Amino acid sequence: MSLEFVSDYAAAFLRENDIEGLKPQISAAHKTVAENKNDITAFLGWADLPFDYDKAEFDRIKAAAKKIQSDTDVLIVIGIGGSYLGARAAIEFLKGPMYNEIDDGFPKVYFSGNNISGAALNDILKVCENKRVSVNIISKSGTTTEPAIAFRIFRKYLEERYGKKEAAGRIYCTTDKARGTLKELANENGWESFVVPDNVGGRYSVLTAVGLLPIAAAGCDIDKLMSGAACAAKDYDIPDIDKNPCYKYAAIRNAFYRKGKQIELFVSYEPRFVMLGEWFKQLYGESEGKDNKGLFPAAVTFSTDLHSMGQFIQDGTRIMFETAVTVNNTDSDVVIEKEENNGDGLNFLAGKTLSYVNQKAFEGTVLAHADGGTPTLNIKIDKCDEENLGRLIYFFEKACAISGYVLGVNPFDQPGVEAYKKNMFALLGKPGYEDRKADLEKRLIK
């Protein structure tokens, strides 16, 4: 297990004092995290989570995962934002984006309740036909619109198909430990429930029951996942930027922001990183995008997006930098064979692996983008396994917290998220929002 942070390709875009000037702020941010870990209102519970977690619940998670594996063909995970992105990102990172199409003896995992599309929900219901189905509903309150709608439908589906008693044994709740609509329903109906910790926000919750239950049910080793994160928590608890790659990354991205860079591109060269890019976008976008501040997080997959976004990245407005995650060792590979007629002109690649070609694509792209004025930061991991993923998750979480404090925002609130909800509720006629409805309807373009 290893993680290497390489900033050499970006060195020409930075001056030494750009980073030196940020060291006092990085140290202050480090101190803020260290001194407020035990303050439940600070939402810093993720900081020590890899080794300071509820071991009894962890065992219950593994037991529930084994039960799901024994009696379930399809597990529907219902949640939105941080309630599903981390789990989906982890499963695709570890098993590949085609995991549901490959019969490996573990339940297929589908995610619902993250949109309001009837067509998408019906597609998942079709997947459930003639399959043994269980549901993991993830919601702190139980009243968030998108997952609440999906859960209402899937709960009815289970109870009509299995009867209320058997359905109760197929519903797993991850919610508040003591209060809220979903917790009350779980208590009333005897659904097994797991805890969303009070001091861990949704986008930081992948290493809690929120992410761990679906990840374990899919057949991934959550002990190793936590072990990797625990190593990272220890290694990245050093205030010295020169000895802490996590803090160096946080400092450099703030330095770029101060130089006018407005976008950070999360770049990967493997399709199994796509959902990790979506997780990255929420983590950083929701943590930093406030008070009219923050880098806009975006994600691309190369070489695919070099044929769509590559032109802009190379020659467009100089408003971005890249953070590329690369893998030293892939778990499978393909060797390009020689053809006698060489009709496609590819015999110069004969005997080479696709991972080798992919690496050269990365190297060529980094140099081209540097020449075009777009710097690249490179995070290298050893391979796509649970321990490396645990380390990578913690690296980004810690860097995000430190970056937010340096930026001068609270990286753990999200006041802007509520604006669309209030308007939507008013337009839908939800009780209590009547005074807003008429004004909103006047502003709509018919």
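Each remark here, short or long, concerns the structure printed above.
What comes next concerns the included structure. This is a predicted model, so every value here is computed, not measured. (Residues numbered from 1 in each chain as written. Predicted model: local features only at pLDDT ≥ 70, side-chain atom pairs only at ≥ 80, totals over all residues. Heavy atoms only, no water.)

Concerning the packing of helix H16 (residues 418–428) against helix H17 (residues 434–443)
Next, step 1: For the pair H16 and H17, the least separation of the axes is 8 Å and the interaxial angle reads 95°. With respect to H17, the axis of H16 lies roughly perpendicular. Here Lys422, Asn423, Ala426 and Leu427 of H16 come into contact with H17, specifically with Arg436, Lys437, Leu440 and Glu441.
Next, step 2: Its residues placed into classes, the contact of H16 with H17 shows three nonpolar, one polar and four charged. (Axes fitted to C-alpha atoms, helices over the stretch in contact; angles between N-to-C directions. Helix = DSSP H or I, 4+ residues; strand = E, 2+ residues; numbered from the N terminus. Parallel < 35°, antiparallel > 145°, perpendicular 65-115°, else oblique. Contact = heavy atoms within 4.5 Å. Nonpolar A, V, L, I, M, F, W, Y, C, P; charged D, E, K, R; others polar.)

Regarding the sheet that holds strand S10 (residues 376–383)
Next, step 1: Strand order in the open sheet made by the five strands is S1-S10-S9-S7-S8, with mixed pairing throughout. Each edge of the open sheet carries a strand with a single partner, namely strand S1 (3–6) and strand S8 (296–301). Along the sheet, successive strands turn relative to each other by an average axial angle of 20°, direction set aside.
Next, step 2: Bridge analysis of strand S7 (residues 263–268) against strand S9 (residues 320–329) gives six bridges, and the strand direction is parallel. Paired with valine 267 across the two strands is alanine 324, which belongs to S9.
Next, step 3: In this fold helix H15 (residues 386–407) packs onto S1, S7, S9 and S10, with an angle of close to 150° to the strand it touches most, S10. (Pairing = 2+ DSSP bridges.)

Remarks on the pattern of salt bridges
Next, step 1: Counted according to the given criterion, the structure contains 27 salt bridges.
Next, step 2: Here aspartate 198 makes a salt bridge to lysine 177, at a shortest N to O gap of 3.9 Å. Here lysine 177 lies in the loop between strand S5 (171–175) and helix H8 (181–189) and aspartate 198 lies in the loop between strand S6 (192–195) and helix H9 (209–217), a separation of 21 residues in the sequence.
Next, step 3: A residue is classified by how much of its surface remains accessible, and aspartate 198, at 24% relative accessible area, is partly exposed.
Next, step 4: For arginine 253, the salt bridge goes to glutamate 264, with nearest N and O atoms at 2.6 Å. Highlighted residues: arginine 253 in helix H11 (residues 245–258) and glutamate 264 in strand S7, separated in sequence by 11 residues. (Salt bridge = Lys/Arg side-chain N within 4 Å of Asp/Glu carboxyl O. Buried < 20%, exposed > 50% of the residue type's maximum accessible area, 1.4 Å probe, protein only.)

Overview of the sheet that holds strand S3 (residues 108–112)
Next, step 1: Sheet architecture is open: five strands sit in the order S3-S2-S4-S5-S6, paired in parallel fashion. Looking at the sheet topology across the chains shown, the edges are occupied by S3 and S6. Between one strand and the next, the sheet's axes are offset by a mean angle of 20°, whatever the strand orientation.
Next, step 2: Note that strand S2 (residues 74–78) and strand S4 (residues 133–138) share five bridges and pair parallel.

Focus: the packing of helix H2 (residues 23–35) against H11
Next, step 1: Where H2 meets H11, the closest approach of the two axes is 10 Å, and the angle between their N-to-C directions is 125°. Taken together, the axes of H2 and H11 are oblique relative to one another. With respect to the hand of their crossing, H2 and H11 are arranged in right-handed fashion. Contact residues: Gln25, Ile26 and His30 in H2; Tyr247, Ala250, Ala251 and Arg258 in H11. (Left-handed = near helix turned anticlockwise from the far one by under 90°.)

The values reported here are purely geometric and, on their own, carry no functional implication.
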